[in-house]
Every structure is written in structure tokens, then in C-alpha cells.
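# An overview of the molecular structure
So you can see what is in the structure, the chains are spelled out below.
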Amino acid sequence: MAIARWNGTVIAESDKTVVVEGNHYFPLESVNTQYLKPSDTTSRCPWKGVAKYYSLLVDGEANEDAAWVYADPSDAAAAIKGHIAFWKGVEVT
């Protein structure tokens with residue numbers, strides 16, 4: 001079971017994550033979406049496609065652009081469609 005925590009709060013937990021480039025991608029249905037705030041930030045990966053970012057908001061504290069999702073990944077990254085990954089101090093165990 002992989003668990004993503006930030007500020008002591010469980011953001012996501014699943015035994016069905018997909019690991020790509022050392023990052024656990026959690027199925028969206030395993031994420032506590034009340035902690036996600038859409039961001040205007042995007043980035044482009046040469047082989048995965050365009051990532052859209054989310055900030056985390058927990059107990060009044062924000063962690064900007066700490067999560068990302070490939071809503072329409074390339075065929076090579078199809079396994080992470082509908083999954084979200086974390087960084088910027090989010091602990092995944």
C-alpha cells in the first residue's frame with residue numbers, strides 16, 4: 001500500500017499505483033481531492049505529454065504545484081492516464 005502524506009495528512013493511498021521514473025502515480029479515485037486546488041501551471045514531458053498541476057491545501061497551508069496529472073498522456077505513457085503523482089515535500093511511503 002502506497003500512501004502520500006503532506007503536513008501529516010493522508011492525501012492519497014492505494015495498492016494500485018503505477019511507478020514511472022521513481023514516482024508513484026495514484027489512481028484519481030484513491031486521492032482525497034478536497035486537498036487539491038487546480039493550478040494554472042503546466043509542463044511538457046517529451047515522452048509523456050502535457051502535465052497539469054495542482055496545489056495542496058491542508059489546514060490553511062498551501063504547497064504550490066505539488067501534484068501533477070497527465071490527463072491525455074501519450075500512448076507510451078497510457079498506464080498513467082487517470083493517475084496523479086506528488087512531489088515538493090509530499091512523502092510517499
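Residues numbered from 1 in each chain as written. Predicted model: local features only at pLDDT ≥ 70, side-chain atom pairs only at ≥ 80, totals over all residues. Heavy atoms only, no water.

### Here's the deal with the overall build of the protein chain
- Looking only at helices and strands, the protein chain has zero helices and nine strands in total.
- The order of α-helices and β-strands along the protein chain, N terminus first, is β-β-β-β-β-β-β-β-β.
- Since a compact globule built from 93 residues should have a radius of gyration of about 12 Å, the 12 Å found for the protein chain is in line with a globular shape.
- Seen through its C-alpha atoms, the protein chain measures out along the principal axes to roughly 35 × 30 × 20 Å.
- Considering the protein chain as a whole, with its 93 residues, one finds that 43% of them fall into the buried category. (Helix = DSSP H or I, 4+ residues; strand = E, 2+ residues; numbered from the N terminus. Rg over C-alpha atoms; globule rule 2.2 N^0.38 Å. Buried < 20%, exposed > 50% of the residue type's maximum accessible area, 1.4 Å probe, protein only.)

### Topic: the nonpolar core
- Phe26, Val31, Leu36, Leu56, Ile84, Phe86 and Val90 are the most contacted members of the largest nonpolar core, which totals 17 residues.
- Contributing elements (two or more residues each) for this core: β1 (2-6), β2 (9-14), β6 (49-58), β7 (61-69) and β8 (83-86).
- Among all residues touching Val90, those that are not within four sequence positions of it are Ala4, Arg5, Trp6, Leu56, Asn63 and Ala66.
- In terms of nonpolar packing, the next biggest core, distinct from the first, is built from ten residues, Val20, Ala77, Ile80 and Ala85 among them. (Core = buried A, V, L, I, M, F, W, Y, C linked by side-chain atoms within 4.5 Å. Contact = heavy atoms within 4.5 Å.)

### Considering the sheet that holds β1
- Pairing is antiparallel in the open sheet, where three strands are placed in the order β2-β1-β9. A strand with exactly one partner marks an edge of an open sheet, and here the two such strands are β2 and β9 (91-92).
- Direction of pairing for β1 relative to β9: antiparallel, over a ladder of two bridges. Bridge assignment links Arg5 to a residue of β9, and that residue is Glu91. (Pairing = 2+ DSSP bridges.)

### Points about the pairing of β8
- By the alternation rule, side chains of β8 split into His83 and Ala85 and Ile84 and Phe86, which are all buried.
- Pairing of strand β4 (residues 23-27) with β8, which is carried by two bridges, proceeds in the antiparallel orientation. The partner of Pro27 across the bridge, within β8, is His83.
- Bridging between β7 and β8 involves three bridges; their strand directions are antiparallel. Note on β8: the bridge partner recorded for Val69 is Ile84.

### Focus on the packing of aromatic side chains
- Applying the stated criterion across every chain, the model contains four aromatic pairs.
- Ring centres of Phe26 and Phe86 lie 5.7 Å apart, and the angle between their planes is 65°; this geometry places the pair in the edge-to-face category. Here Phe26, found in strand β4, pairs with Phe86, found in strand β8; they are 60 residues apart in sequence, far enough to count as distant.
- Owing to a relative accessible area of 0%, Phe26 belongs among the buried residues under this scheme.
- For Phe86, a relative accessible area of 5% translates into the label buried.
- Pairing Tyr53 with Trp68 gives two aromatic rings, centres 6.4 Å apart and planes at 40°, and the pair type is tilted. Note that Tyr53 is positioned in strand β6 and Trp68 in strand β7, a separation of 15 residues in sequence. As far as burial versus exposure is concerned, Tyr53 and Trp68 are alike and both buried.
- Put simply, the rings of Tyr25, Tyr53, Trp68 and Trp87 pair up and form one aromatic cluster. (Phe/Tyr/Trp six-rings, centres within 6.5 Å; stacked < 30°, edge-to-face > 60°.)

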